[in-house]
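# Chain and residue survey
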Amino acid sequence: MLITVGLAVAFLLTTPPQYSSQASIIIENTQSAFARPARNGQDQFLSDQAAVLSQVEVLSSRDLANAVVEKLDLENSADFIRPLSRESLLTRALLALGISIRPGINTTPAKVVDALGENLVVFQRGTSRVIAVEYTSTDAELAARIANTIAEEYIAQQRVSKFDSNQDAITWLGREIDQLRDKVAEAEKKVAGYRSDSGIFQTERDTSLDKQQLG
């Protein structure tokens with residue numbers, strides 16, 4: 001019992017405390033009631049759940065993690081490098097006795113992204129549209145910065161994506177308007193020709209057909 005208690009105390013003394021920080025993101029449905037396809041309540045609920053889960057995958061993606069690593073310069077951060085060089089209690093004892101050699105620290109971008117992913121948890125809160133981004137680290141400030149930066153980068157990428165989508169929609173609508181404008185001009189030309197051939201004249205004030213015939 002004493003040995004077990006001693007080992008537990010030694011483990012607690014040599015294990016640094018862990019801090020978790022959370023950032024919450026709400027996924028809003030920006031479609032209007034007129035643009036949204038007609039669905040019953042169950043279909044709409046399933047569609048919303050699928051959309052939220054899709055954004056969970058986006059928040060957990062390596063592309064977003066790469067952006068966070070680059071923005072915070074985690075590859076050169078001493079606070080972030082430390083978890084990459086975890087050493088067991090036996091290794092520390094051998095290092096203290098001079099028997100073992102401290103291994104080199106691998107800080108390649110891929111390794112940093114892998115380490116970030118190991119301590120990152122992204123999940124949906126119940127059946128709501130709220131997504132929680134939770135990061136755990138031995139540094140409380142670093143955990144908060146990473147969680148907040150992931151949320152900020154996600155929002156920035158979504159803003160750019162929506163801007164590009166709006167630009168595509170504007171371009172498409174511009175082409176449609178040009179085509180409709182040509183069709184309206186052609187229709188007006190045909191109406192004018194029909195009026196001329198049928199002897200129907202439009203006065204400035206009287207626009208109804210009855211009043212035109214009476215005039």
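Cut-offs applied
- Residues numbered from 1 in each chain as written.
- Predicted model: local features only at pLDDT ≥ 70, side-chain atom pairs only at ≥ 80, totals over all residues.
- Heavy atoms only, no water.
- Buried < 20%, exposed > 50% of the residue type's maximum accessible area, 1.4 Å probe, protein only.
- Helix = DSSP H or I, 4+ residues; strand = E, 2+ residues; numbered from the N terminus.
- Arc of directions from axis to C-beta.
- Salt bridge = Lys/Arg side-chain N within 4 Å of Asp/Glu carboxyl O.
- pLDDT = per-residue confidence, 0-100.
- Contact = heavy atoms within 4.5 Å.
- Patch = residues over 30% accessible without salt bridge, like charges linked within 9 Å, V, L, I, M, F, W, Y side chains within 5 Å.
- Areas by Shrake-Rupley, 256 points an atom, 1.4 Å probe, with all protein chains shown as cover.

Buried within helix H6 (residues 109-118) we find Val-112, Val-113, Ala-115 and Leu-116. For H6, the angular spread of buried residues about the axis comes to 160°, placing them on one side.

As enumerated under the stated definition, the model contains 5 salt bridges in all. Between Glu-152 and Lys-71 there is a salt bridge; the shortest N-O distance is 3.9 Å. Note that Glu-152 is positioned in helix H7 (residues 140-198) and Lys-71 in helix H3 (residues 62-72), a separation of 81 residues in sequence. Here Glu-152 falls in the partly exposed class, since its relative accessible area comes to 45%.

Before going further, it helps to spend a moment on the confidence of the model for the chain. When the pLDDT values of the chain are averaged, the result is 76; 67% of them are 70 or greater. The low-confidence segment residues 100-106, where pLDDT is below 50, has 9 contacts with residues more than four positions distant or belonging to other chains.

Here we take up a nonpolar patch on the surface. Taken together, the side chains of Met-1, Val-5 and Val-9 define a hydrophobic patch exposed on the protein surface, amounting to about 340 Å² of accessible area. Following the sequence through the fold, Met-1 ends up in the segment before helix H1 (2-14). Residue class for Met-1 comes out exposed when judged on its relative accessible area of 84%.

Here we take up the environment of Glu-28. Of note, Glu-28 is situated in the loop between strand S1 (19-26) and helix H2 (41-59). Sequence separation between Glu-28 and Asp-48 is 20 residues; the distance between their C-alpha atoms is 9.6 Å.

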